[in-house]
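The residues making up each chain are set out below.
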Amino acid sequence: MPNPFKTPFGRGGPAARTVSINRGPYVMEMADGENAELTMYGEIVESQPVDGWTGEPIQGNYIIQSELLEDLKSLAEAKTLTIRMHSVGGDAGVSILIHNRLRELATQGMELTCIVDGVAMSGGSLIMCACDTVAVNPASLVMIHKCWSSLWGGYNADELKELAAKNEAWDKAQVSIYKRKCGLSDMVISNMMAKTTYMTGTEAVEKGFANKVLEDAAPLDIAASADGRSLFVRGRQFHLTPGMFAPDTIPTVTPEAAAPVEANTNQPAQTGGQNGGNTMAKTLEELRAENPALAEAFMAEARAAVSASGAVTPAPAPAPAVPPAPAPQSSGGDDPAQAERKRIQEIDALADLFDAETINAAKYGDHPCTAQEMVYQAAQKASQQGGMFLVALEADTAASGAQDVGAANGAGNDGAGGTGGPDSPQAVVAQAQADAKAFNERKREVR
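Residues numbered from 1 in each chain as written. Predicted model: local features only at pLDDT ≥ 70, side-chain atom pairs only at ≥ 80, totals over all residues. Heavy atoms only, no water.

Draft legend 1. The nonpolar core, seen in detail. With 51 residues, the main nonpolar core has Met-28, Leu-81, Leu-102, Met-128 and Phe-209 as its most contacted residues. Each residue touching Phe-209, except ones within four places of it in the same chain, is listed here: Met-128, Cys-129, Val-134, Ile-144, Tyr-178, Lys-181, Cys-182, Leu-184, Met-192, Met-199 and Ala-204. (Core = buried A, V, L, I, M, F, W, Y, C linked by side-chain atoms within 4.5 Å. Buried < 20%, exposed > 50% of the residue type's maximum accessible area, 1.4 Å probe, protein only. Contact = heavy atoms within 4.5 Å.)

Right, dumping it as C-alpha coordinates:
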(Lines give C-alpha, C1' and ligand atoms only; values in the text may rest on other atoms or scores of the structure.)
Protein backbone atom coordinates (compact mmCIF):
# COMPACT_ATOMS: atom_id res chain seq x y z
CA MET A 1 0.00 0.00 0.00
CA PRO A 2 1.44 3.40 -0.94
CA ASN A 3 2.60 5.60 1.89
CA PRO A 4 0.14 8.56 2.01
CA PHE A 5 2.79 10.71 3.69
CA LYS A 6 5.51 10.12 1.11
CA THR A 7 6.92 13.36 -0.30
CA PRO A 8 8.31 14.00 -3.82
CA PHE A 9 11.86 13.74 -2.42
CA GLY A 10 11.27 10.36 -0.86
CA ARG A 11 10.87 11.57 2.74
CA GLY A 12 7.72 10.80 4.64
CA GLY A 13 6.02 10.24 7.94
CA PRO A 14 3.30 12.02 9.89
CA ALA A 15 5.59 13.25 12.66
CA ALA A 16 6.65 16.89 12.63
CA ARG A 17 10.12 17.20 11.26
CA THR A 18 12.71 19.58 12.66
CA VAL A 19 15.66 20.77 10.62
CA SER A 20 18.77 22.66 11.65
CA ILE A 21 21.58 22.89 9.08
CA ASN A 22 24.35 25.47 9.24
CA ARG A 23 26.94 25.50 6.49
CA GLY A 24 28.10 29.07 7.08
CA PRO A 25 27.07 30.74 3.81
CA TYR A 26 23.57 29.34 4.22
CA VAL A 27 21.46 28.13 7.13
CA MET A 28 18.25 26.03 7.07
CA GLU A 29 15.90 25.96 10.03
CA MET A 30 12.49 24.34 10.61
CA ALA A 31 11.22 23.88 14.16
CA ASP A 32 7.54 23.01 13.77
CA GLY A 33 7.59 20.85 10.65
CA GLU A 34 5.66 23.44 8.64
CA ASN A 35 7.45 26.79 8.54
CA ALA A 36 11.02 26.75 7.26
CA GLU A 37 13.62 29.47 6.78
CA LEU A 38 16.64 29.47 4.46
CA THR A 39 19.26 32.18 4.94
CA MET A 40 21.49 32.59 1.86
CA TYR A 41 24.44 34.95 2.43
CA GLY A 42 27.08 34.10 -0.14
CA GLU A 43 28.24 33.51 -3.71
CA ILE A 44 26.55 30.79 -5.76
CA VAL A 45 28.97 28.25 -7.26
CA GLU A 46 28.86 24.80 -8.79
CA SER A 47 31.73 23.44 -6.70
CA GLN A 48 34.21 24.59 -4.09
CA PRO A 49 36.73 26.97 -5.75
CA VAL A 50 40.32 25.71 -5.51
CA ASP A 51 43.59 27.61 -5.80
CA GLY A 52 45.15 26.52 -9.09
CA TRP A 53 48.68 26.83 -7.70
CA THR A 54 48.36 25.16 -4.31
CA GLY A 55 45.31 22.94 -4.81
CA GLU A 56 43.90 24.26 -1.54
CA PRO A 57 40.25 25.38 -1.23
CA ILE A 58 39.77 29.13 -1.59
CA GLN A 59 38.22 30.59 1.52
CA GLY A 60 34.95 32.49 1.03
CA ASN A 61 31.18 32.48 1.46
CA TYR A 62 30.38 29.90 -1.22
CA ILE A 63 26.92 28.37 -1.61
CA ILE A 64 27.74 25.05 -3.31
CA GLN A 65 25.18 23.49 -5.65
CA SER A 66 25.35 19.87 -4.47
CA GLU A 67 25.19 20.77 -0.78
CA LEU A 68 22.25 23.15 -1.11
CA LEU A 69 20.13 20.85 -3.28
CA GLU A 70 20.75 17.90 -0.95
CA ASP A 71 19.89 19.93 2.14
CA LEU A 72 16.81 21.38 0.42
CA LYS A 73 15.28 17.91 0.42
CA SER A 74 14.97 18.11 4.20
CA LEU A 75 12.50 21.01 3.81
CA ALA A 76 10.18 19.15 1.43
CA GLU A 77 7.49 18.73 4.11
CA ALA A 78 7.33 22.44 4.93
CA LYS A 79 4.24 24.44 4.00
CA THR A 80 6.07 27.77 3.91
CA LEU A 81 9.65 28.65 3.10
CA THR A 82 11.12 32.10 3.79
CA ILE A 83 14.42 32.83 2.03
CA ARG A 84 16.54 35.60 3.50
CA MET A 85 18.73 36.74 0.64
CA HIS A 86 22.06 38.51 0.43
CA SER A 87 24.04 37.40 -2.61
CA VAL A 88 26.05 39.07 -5.37
CA GLY A 89 25.24 36.08 -7.60
CA GLY A 90 27.66 33.67 -9.19
CA ASP A 91 27.21 30.78 -11.60
CA ALA A 92 24.20 31.36 -13.89
CA GLY A 93 23.54 27.67 -14.45
CA VAL A 94 23.51 26.87 -10.74
CA SER A 95 21.28 29.86 -10.00
CA ILE A 96 18.76 28.78 -12.66
CA LEU A 97 18.83 25.22 -11.29
CA ILE A 98 18.07 26.42 -7.75
CA HIS A 99 15.33 28.68 -9.11
CA ASN A 100 13.70 25.75 -10.93
CA ARG A 101 13.83 23.47 -7.87
CA LEU A 102 12.19 26.18 -5.78
CA ARG A 103 9.47 26.61 -8.43
CA GLU A 104 8.92 22.85 -8.28
CA LEU A 105 8.29 23.13 -4.54
CA ALA A 106 5.92 26.04 -5.19
CA THR A 107 3.85 24.00 -7.67
CA GLN A 108 3.55 21.30 -4.99
CA GLY A 109 1.90 23.78 -2.64
CA MET A 110 4.80 25.32 -0.72
CA GLU A 111 4.43 29.08 -0.14
CA LEU A 112 7.70 30.83 -1.02
CA THR A 113 8.72 34.24 0.34
CA CYS A 114 12.01 36.06 -0.17
CA ILE A 115 13.26 38.88 2.04
CA VAL A 116 16.20 40.75 0.52
CA ASP A 117 18.25 41.58 3.60
CA GLY A 118 21.07 43.12 1.57
CA VAL A 119 21.48 42.60 -2.16
CA ALA A 120 20.04 40.20 -4.74
CA MET A 121 22.33 40.60 -7.72
CA SER A 122 22.82 38.55 -10.87
CA GLY A 123 22.18 34.90 -9.94
CA GLY A 124 20.85 36.02 -6.55
CA SER A 125 18.05 37.91 -8.32
CA LEU A 126 17.15 34.77 -10.30
CA ILE A 127 16.65 32.81 -7.08
CA MET A 128 14.74 35.74 -5.57
CA CYS A 129 12.30 35.66 -8.49
CA ALA A 130 11.39 32.04 -7.74
CA CYS A 131 9.36 33.36 -4.79
CA ASP A 132 5.81 34.58 -5.32
CA THR A 133 6.26 37.17 -2.56
CA VAL A 134 9.42 39.30 -2.44
CA ALA A 135 9.95 41.86 0.34
CA VAL A 136 12.80 44.35 0.12
CA ASN A 137 14.36 46.88 2.44
CA PRO A 138 14.40 50.51 1.27
CA ALA A 139 18.19 50.25 0.98
CA SER A 140 18.23 46.80 -0.66
CA LEU A 141 19.76 46.42 -4.11
CA VAL A 142 18.51 44.22 -6.94
CA MET A 143 20.70 43.92 -10.04
CA ILE A 144 20.11 42.16 -13.37
CA HIS A 145 22.54 41.85 -16.28
CA LYS A 146 23.32 39.76 -19.32
CA CYS A 147 25.49 36.70 -18.81
CA TRP A 148 29.14 36.79 -19.82
CA SER A 149 31.93 34.28 -20.32
CA SER A 150 35.67 34.35 -19.70
CA LEU A 151 37.84 33.58 -22.73
CA TRP A 152 41.40 32.25 -22.76
CA GLY A 153 43.34 31.41 -25.88
CA GLY A 154 42.67 32.04 -29.55
CA TYR A 155 39.33 31.78 -31.34
CA ASN A 156 38.15 32.29 -34.89
CA ALA A 157 35.00 34.14 -35.95
CA ASP A 158 32.84 31.00 -36.11
CA GLU A 159 33.83 29.95 -32.59
CA LEU A 160 33.09 33.42 -31.23
CA LYS A 161 29.70 33.42 -32.95
CA GLU A 162 28.95 30.02 -31.41
CA LEU A 163 29.80 31.36 -27.94
CA ALA A 164 27.65 34.45 -28.55
CA ALA A 165 24.72 32.19 -29.52
CA LYS A 166 25.14 30.22 -26.29
CA ASN A 167 25.20 33.41 -24.22
CA GLU A 168 22.05 34.63 -25.97
CA ALA A 169 20.33 31.37 -25.02
CA TRP A 170 21.32 31.91 -21.37
CA ASP A 171 19.98 35.47 -21.58
CA LYS A 172 16.65 34.24 -22.95
CA ALA A 173 16.35 31.79 -20.07
CA GLN A 174 16.96 34.60 -17.59
CA VAL A 175 14.45 36.87 -19.35
CA SER A 176 11.78 34.18 -18.94
CA ILE A 177 12.48 34.03 -15.19
CA TYR A 178 12.27 37.79 -14.74
CA LYS A 179 9.18 38.05 -16.98
CA ARG A 180 7.23 35.55 -14.86
CA LYS A 181 7.93 37.70 -11.83
CA CYS A 182 7.62 41.30 -13.07
CA GLY A 183 5.40 40.96 -16.14
CA LEU A 184 7.49 43.35 -18.29
CA SER A 185 8.03 42.60 -21.98
CA ASP A 186 10.98 40.58 -23.26
CA MET A 187 12.41 43.67 -24.98
CA VAL A 188 12.23 45.85 -21.86
CA ILE A 189 13.82 43.19 -19.66
CA SER A 190 16.53 42.48 -22.25
CA ASN A 191 17.38 46.19 -22.44
CA MET A 192 17.56 46.40 -18.64
CA MET A 193 19.90 43.42 -18.59
CA ALA A 194 22.08 44.90 -21.34
CA LYS A 195 22.51 48.06 -19.27
CA THR A 196 23.29 46.10 -16.05
CA THR A 197 20.41 47.69 -14.15
CA TYR A 198 20.65 48.32 -10.40
CA MET A 199 17.40 48.89 -8.50
CA THR A 200 16.85 50.07 -4.95
CA GLY A 201 14.13 48.37 -2.94
CA THR A 202 11.51 50.93 -3.96
CA GLU A 203 12.55 50.80 -7.62
CA ALA A 204 12.38 46.98 -7.59
CA VAL A 205 8.77 47.21 -6.36
CA GLU A 206 7.90 49.84 -8.98
CA LYS A 207 9.23 47.61 -11.77
CA GLY A 208 7.54 44.47 -10.42
CA PHE A 209 10.61 42.54 -9.30
CA ALA A 210 9.49 42.83 -5.66
CA ASN A 211 6.06 43.01 -4.03
CA LYS A 212 6.54 45.23 -1.01
CA VAL A 213 8.96 47.48 0.82
CA LEU A 214 9.65 46.84 4.50
CA GLU A 215 9.30 50.45 5.58
CA ASP A 216 9.75 49.61 9.25
CA ALA A 217 12.89 47.55 8.67
CA ALA A 218 16.15 48.59 10.28
CA PRO A 219 18.29 50.59 7.84
CA LEU A 220 21.08 48.72 6.12
CA ASP A 221 24.62 50.03 6.04
CA ILE A 222 25.64 49.22 2.46
CA ALA A 223 28.93 50.58 1.19
CA ALA A 224 31.34 49.81 -1.64
CA SER A 225 35.08 49.28 -1.41
CA ALA A 226 37.40 51.94 -2.78
CA ASP A 227 37.92 50.06 -6.07
CA GLY A 228 34.22 49.23 -6.46
CA ARG A 229 34.86 45.47 -6.51
CA SER A 230 33.38 44.63 -3.08
CA LEU A 231 30.30 45.43 -1.04
CA PHE A 232 30.07 45.76 2.74
CA VAL A 233 26.63 44.87 4.13
CA ARG A 234 26.02 44.68 7.86
CA GLY A 235 29.73 44.33 8.44
CA ARG A 236 30.29 41.46 6.00
CA GLN A 237 32.43 41.85 2.89
CA PHE A 238 31.30 40.32 -0.39
CA HIS A 239 33.45 40.38 -3.54
CA LEU A 240 31.64 41.17 -6.77
CA THR A 241 32.03 38.94 -9.79
CA PRO A 242 35.25 39.77 -11.69
CA GLY A 243 34.55 42.51 -14.20
CA MET A 244 31.61 43.86 -12.19
CA PHE A 245 31.75 47.15 -10.28
CA ALA A 246 29.41 48.68 -7.73
CA PRO A 247 27.50 51.70 -9.08
CA ASP A 248 28.76 55.17 -8.19
CA THR A 249 25.53 55.85 -6.29
CA ILE A 250 26.68 53.56 -3.45
CA PRO A 251 28.85 55.37 -0.88
CA THR A 252 32.38 54.10 -0.41
CA VAL A 253 33.43 52.22 2.70
CA THR A 254 32.89 53.85 6.11
CA PRO A 255 34.05 52.80 9.61
CA GLU A 256 30.53 51.66 10.49
CA ALA A 257 30.28 49.46 7.42
CA ALA A 258 33.72 47.91 7.58
CA ALA A 259 34.44 47.66 11.30
CA PRO A 260 32.96 44.14 11.87
CA VAL A 261 34.39 42.73 8.62
CA GLU A 262 35.18 39.02 8.67
CA ALA A 263 38.36 37.75 10.19
CA ASN A 264 40.19 37.49 6.84
CA THR A 265 40.31 41.31 6.67
CA ASN A 266 43.18 42.27 8.92
CA GLN A 267 42.72 46.03 9.05
CA PRO A 268 39.36 47.79 9.41
CA ALA A 269 38.86 50.70 7.06
CA GLN A 270 38.91 54.18 8.57
CA THR A 271 38.12 57.63 7.30
CA GLY A 272 39.93 59.73 9.87
CA GLY A 273 43.61 60.63 9.81
CA GLN A 274 46.04 59.58 12.48
CA ASN A 275 45.00 62.52 14.58
CA GLY A 276 41.31 62.28 13.79
CA GLY A 277 39.29 64.37 11.38
CA ASN A 278 38.87 63.86 7.64
CA THR A 279 41.45 62.26 5.41
CA MET A 280 43.09 64.90 3.19
CA ALA A 281 45.36 62.65 1.07
CA LYS A 282 44.98 62.95 -2.68
CA THR A 283 47.20 60.01 -3.76
CA LEU A 284 47.83 56.53 -2.41
CA GLU A 285 51.32 57.51 -1.25
CA GLU A 286 49.92 60.49 0.66
CA LEU A 287 47.26 58.23 2.14
CA ARG A 288 49.93 55.77 3.29
CA ALA A 289 51.73 58.60 5.06
CA GLU A 290 48.58 60.06 6.62
CA ASN A 291 46.63 56.89 7.43
CA PRO A 292 48.57 53.63 6.93
CA ALA A 293 45.69 51.47 8.16
CA LEU A 294 43.25 52.85 5.60
CA ALA A 295 45.80 52.57 2.79
CA GLU A 296 46.51 48.95 3.71
CA ALA A 297 42.78 48.20 3.82
CA PHE A 298 42.39 49.58 0.30
CA MET A 299 45.30 47.49 -0.97
CA ALA A 300 43.96 44.37 0.79
CA GLU A 301 40.63 44.83 -0.96
CA ALA A 302 42.37 45.27 -4.31
CA ARG A 303 44.51 42.14 -3.83
CA ALA A 304 41.43 40.18 -2.74
CA ALA A 305 39.67 41.29 -5.92
CA VAL A 306 42.53 39.94 -8.03
CA SER A 307 42.45 36.66 -6.08
CA ALA A 308 38.68 36.35 -6.53
CA SER A 309 39.04 36.90 -10.28
CA GLY A 310 41.36 33.89 -10.57
CA ALA A 311 44.19 36.00 -11.93
CA VAL A 312 47.75 35.36 -10.75
CA THR A 313 49.01 38.23 -8.66
CA PRO A 314 52.51 39.07 -9.92
CA ALA A 315 55.49 39.47 -7.66
CA PRO A 316 55.98 43.04 -6.46
CA ALA A 317 57.40 45.09 -9.30
CA PRO A 318 60.86 46.62 -8.76
CA ALA A 319 61.27 50.36 -8.77
CA PRO A 320 61.23 51.63 -12.35
CA ALA A 321 64.64 52.30 -13.86
CA VAL A 322 63.38 55.48 -15.53
CA PRO A 323 62.16 58.58 -13.75
CA PRO A 324 58.37 58.49 -13.24
CA ALA A 325 56.20 60.94 -15.12
CA PRO A 326 54.77 63.81 -13.11
CA ALA A 327 51.57 62.70 -11.38
CA PRO A 328 48.42 64.51 -12.58
CA GLN A 329 47.24 67.13 -10.15
CA SER A 330 43.84 66.71 -8.54
CA SER A 331 41.58 69.32 -7.12
CA GLY A 332 41.69 69.95 -3.41
CA GLY A 333 38.15 68.70 -2.86
CA ASP A 334 38.63 65.14 -4.23
CA ASP A 335 37.61 62.22 -1.99
CA PRO A 336 40.68 59.91 -1.73
CA ALA A 337 38.48 56.81 -1.91
CA GLN A 338 36.83 58.05 -5.08
CA ALA A 339 40.25 59.00 -6.49
CA GLU A 340 41.57 55.49 -5.82
CA ARG A 341 38.55 53.92 -7.50
CA LYS A 342 39.03 56.21 -10.51
CA ARG A 343 42.72 55.27 -10.68
CA ILE A 344 41.87 51.55 -10.80
CA GLN A 345 39.16 52.05 -13.44
CA GLU A 346 41.44 54.17 -15.66
CA ILE A 347 44.11 51.46 -15.56
CA ASP A 348 41.51 48.75 -16.32
CA ALA A 349 40.43 50.74 -19.38
CA LEU A 350 43.93 50.11 -20.83
CA ALA A 351 43.93 46.37 -20.09
CA ASP A 352 43.72 45.48 -23.80
CA LEU A 353 46.89 47.48 -24.61
CA PHE A 354 49.27 46.07 -21.98
CA ASP A 355 50.10 42.66 -20.55
CA ALA A 356 48.51 41.48 -17.30
CA GLU A 357 51.78 41.84 -15.36
CA THR A 358 52.04 45.53 -16.26
CA ILE A 359 48.38 46.19 -15.39
CA ASN A 360 48.50 44.36 -12.03
CA ALA A 361 51.84 45.94 -11.08
CA ALA A 362 50.45 49.41 -11.79
CA LYS A 363 47.38 48.72 -9.65
CA TYR A 364 48.67 46.62 -6.76
CA GLY A 365 52.49 46.47 -6.89
CA ASP A 366 54.90 48.00 -4.40
CA HIS A 367 54.90 51.14 -6.54
CA PRO A 368 51.29 51.61 -7.68
CA CYS A 369 50.79 54.41 -10.17
CA THR A 370 48.19 56.16 -12.29
CA ALA A 371 47.23 55.13 -15.81
CA GLN A 372 49.24 58.07 -17.16
CA GLU A 373 52.35 57.03 -15.22
CA MET A 374 51.95 53.42 -16.40
CA VAL A 375 51.81 54.49 -20.05
CA TYR A 376 54.79 56.82 -19.61
CA GLN A 377 56.91 54.13 -17.94
CA ALA A 378 55.96 51.56 -20.59
CA ALA A 379 56.95 54.02 -23.36
CA GLN A 380 60.29 54.70 -21.64
CA LYS A 381 60.93 50.98 -21.30
CA ALA A 382 60.08 50.33 -24.95
CA SER A 383 62.36 53.19 -26.02
CA GLN A 384 65.25 51.82 -23.98
CA GLN A 385 64.72 48.32 -25.35
CA GLY A 386 64.63 49.65 -28.93
CA GLY A 387 67.92 51.52 -28.46
CA MET A 388 69.56 48.54 -26.80
CA PHE A 389 68.42 46.27 -29.64
CA LEU A 390 70.04 48.45 -32.29
CA VAL A 391 73.27 48.74 -30.31
CA ALA A 392 73.35 44.96 -29.81
CA LEU A 393 72.62 44.41 -33.51
CA GLU A 394 75.53 46.65 -34.50
CA ALA A 395 77.85 44.90 -32.03
CA ASP A 396 76.82 41.44 -33.26
CA THR A 397 77.40 42.48 -36.85
CA ALA A 398 80.88 43.79 -36.06
CA ALA A 399 81.77 40.71 -34.03
CA SER A 400 80.59 38.31 -36.74
CA GLY A 401 83.12 39.60 -39.27
CA ALA A 402 80.40 39.65 -41.92
CA GLN A 403 81.74 42.94 -43.28
CA ASP A 404 84.90 41.17 -44.39
CA VAL A 405 83.04 38.56 -46.43
CA GLY A 406 82.91 39.22 -50.16
CA ALA A 407 80.00 38.65 -52.51
CA ALA A 408 79.10 35.10 -53.54
CA ASN A 409 81.35 33.63 -56.25
CA GLY A 410 83.51 36.79 -56.08
CA ALA A 411 80.98 38.76 -58.13
CA GLY A 412 80.05 42.07 -56.62
CA ASN A 413 77.78 44.68 -58.08
CA ASP A 414 80.80 46.59 -59.30
CA GLY A 415 81.54 43.74 -61.66
CA ALA A 416 85.06 43.24 -60.26
CA GLY A 417 84.35 40.93 -57.39
CA GLY A 418 85.19 43.70 -54.90
CA THR A 419 83.39 44.79 -51.79
CA GLY A 420 82.68 48.41 -52.57
CA GLY A 421 79.27 48.09 -54.28
CA PRO A 422 76.00 49.41 -52.83
CA ASP A 423 74.95 45.89 -51.72
CA SER A 424 78.32 44.95 -50.28
CA PRO A 425 78.60 43.99 -46.57
CA GLN A 426 80.41 47.25 -45.82
CA ALA A 427 77.62 49.26 -47.42
CA VAL A 428 74.91 47.31 -45.55
CA VAL A 429 76.66 47.79 -42.19
CA ALA A 430 77.24 51.49 -42.93
CA GLN A 431 73.57 51.91 -43.77
CA ALA A 432 72.53 50.09 -40.56
CA GLN A 433 74.81 52.34 -38.52
CA ALA A 434 73.34 55.43 -40.21
CA ASP A 435 69.79 54.17 -39.54
CA ALA A 436 70.60 53.52 -35.88
CA LYS A 437 72.11 56.99 -35.51
CA ALA A 438 69.07 58.59 -37.16
CA PHE A 439 66.72 56.60 -34.93
CA ASN A 440 68.55 57.68 -31.78
CA GLU A 441 68.43 61.31 -32.94
CA ARG A 442 64.69 61.07 -33.46
CA LYS A 443 64.30 59.36 -30.10
CA ARG A 444 66.07 62.23 -28.33
CA GLU A 445 63.85 64.70 -30.12
CA VAL A 446 60.70 62.84 -29.00
CA ARG A 447 61.81 62.88 -25.37
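Draft legend 2. How the structure looks around unusual backbone geometry. Unusually for a residue other than glycine, Ser-122 sits at a positive phi of about 55 degrees. With respect to the helices and strands, Ser-122 occurs in the loop between strand 7 (111–121) and helix 3 (123–128). By relative accessible area, which is 9% here, Ser-122 ends up buried. Here Thr-196, not a glycine, exhibits a phi torsion of approximately 50 degrees, which is positive. Turning to its location among the elements, Thr-196 is positioned in the loop between helix 5 (186–194) and strand 10 (197–200). (Helix = DSSP H or I, 4+ residues; strand = E, 2+ residues; numbered from the N terminus.)

Draft legend 3. Highlighting the packing of aromatic side chains. With the rule as written, the count across this model stands at one aromatic pair. Judged by centre distance (5.7 Å) and plane angle (65 degrees), the rings of Tyr-178 and Phe-209 are edge-to-face. With Tyr-178 in helix 4 (residues 157–182) and Phe-209 in the loop between helix 6 (201–206) and strand 11 (212–213), this pair connects stretches of sequence that are 31 residues apart. For the pair Tyr-178 and Phe-209, a shared accessibility class is recorded, and that class is buried. (Phe/Tyr/Trp six-rings, centres within 6.5 Å; stacked < 30°, edge-to-face > 60°.)

Draft legend 4. Structural view of helix 5. Listing the buried residues of helix 5 in full gives Ile-189, Met-192 and Met-193. For helix 5, the buried positions fall inside an angular range of 100 degrees around the axis, keeping them on one side. Buried residues belonging to helix 5 abut strand 9 (141–144), helix 4 and strand 10. Positive backbone phi, at 50 degrees, marks Thr-196, one or two positions downstream of helix 5. (Arc of directions from axis to C-beta.)

Draft legend 5. Broad picture of the pattern of salt bridges. Using the criterion set out here, one finds 11 salt bridges in the structure. Asp-132 is paired through a salt bridge with Arg-103; the nearest N and O atoms lie 3.3 Å apart. A residue pair is termed long-range when its members are at least 10 positions apart, and Asp-132 in the loop between helix 3 and strand 8 (133–136) and Arg-103 in helix 2 (residues 92–107) qualify at 29 residues. The partly exposed category is assigned to Asp-132, whose relative accessible area is 39%. The network of salt bridges with shared partners includes Arg-23, Glu-67 and Asp-71. (Salt bridge = Lys/Arg side-chain N within 4 Å of Asp/Glu carboxyl O.)

Draft legend 6. Geometry of the pairing of strand 2 (residues 26–30). In terms of burial, strand 2 is largely enclosed, as four of its five residues are buried. Pairing of strand 1 (residues 19–22) with strand 2, which is carried by four bridges, proceeds in the antiparallel orientation. Bridged to Ser-20 within strand 2 is Glu-29. Between strand 1 and strand 2, which pair antiparallel and follow one another directly, the connecting turn spans three residues, one of which, Gly-24, has a positive phi of 90 degrees. Direction of pairing for strand 2 relative to strand 3 (residues 35–41): antiparallel, over a ladder of five bridges. The residue bridging Val-27 from the neighbouring strand is Thr-39, located in strand 3. (Pairing = 2+ DSSP bridges.)

Draft legend 7. Looking closely at the state of the cysteines. In total, this model carries zero disulfides according to the counting rule given. Left without a disulfide partner, Cys-114 is nearest to the cysteine sulfur of Cys-131, which lies 4.9 Å away. Owing to a relative accessible area of 0%, Cys-131 belongs among the buried residues under this scheme. (Disulfide = S-S within 2.5 Å.)

Draft legend 8. Representation of the packing of helix 2 against helix 4 in the model. At a closest axis distance of 11 Å, the pairing of helix 2 and helix 4 adopts a crossing angle of 35 degrees. As for the relative orientation of helix 2 and helix 4, their crossing is left-handed in sense. Here Ala-92, Gly-93, Ile-96, His-99 and Arg-103 of helix 2 come into contact with helix 4, specifically with Trp-170, Ala-173, Gln-174, Ile-177 and Arg-180. For the contact of helix 2 with helix 4, the per-class residue count stands at five nonpolar, three polar and two charged. (Axes fitted to C-alpha atoms, helices over the stretch in contact; angles between N-to-C directions. Left-handed = near helix turned anticlockwise from the far one by under 90°. Nonpolar A, V, L, I, M, F, W, Y, C, P; charged D, E, K, R; others polar.)

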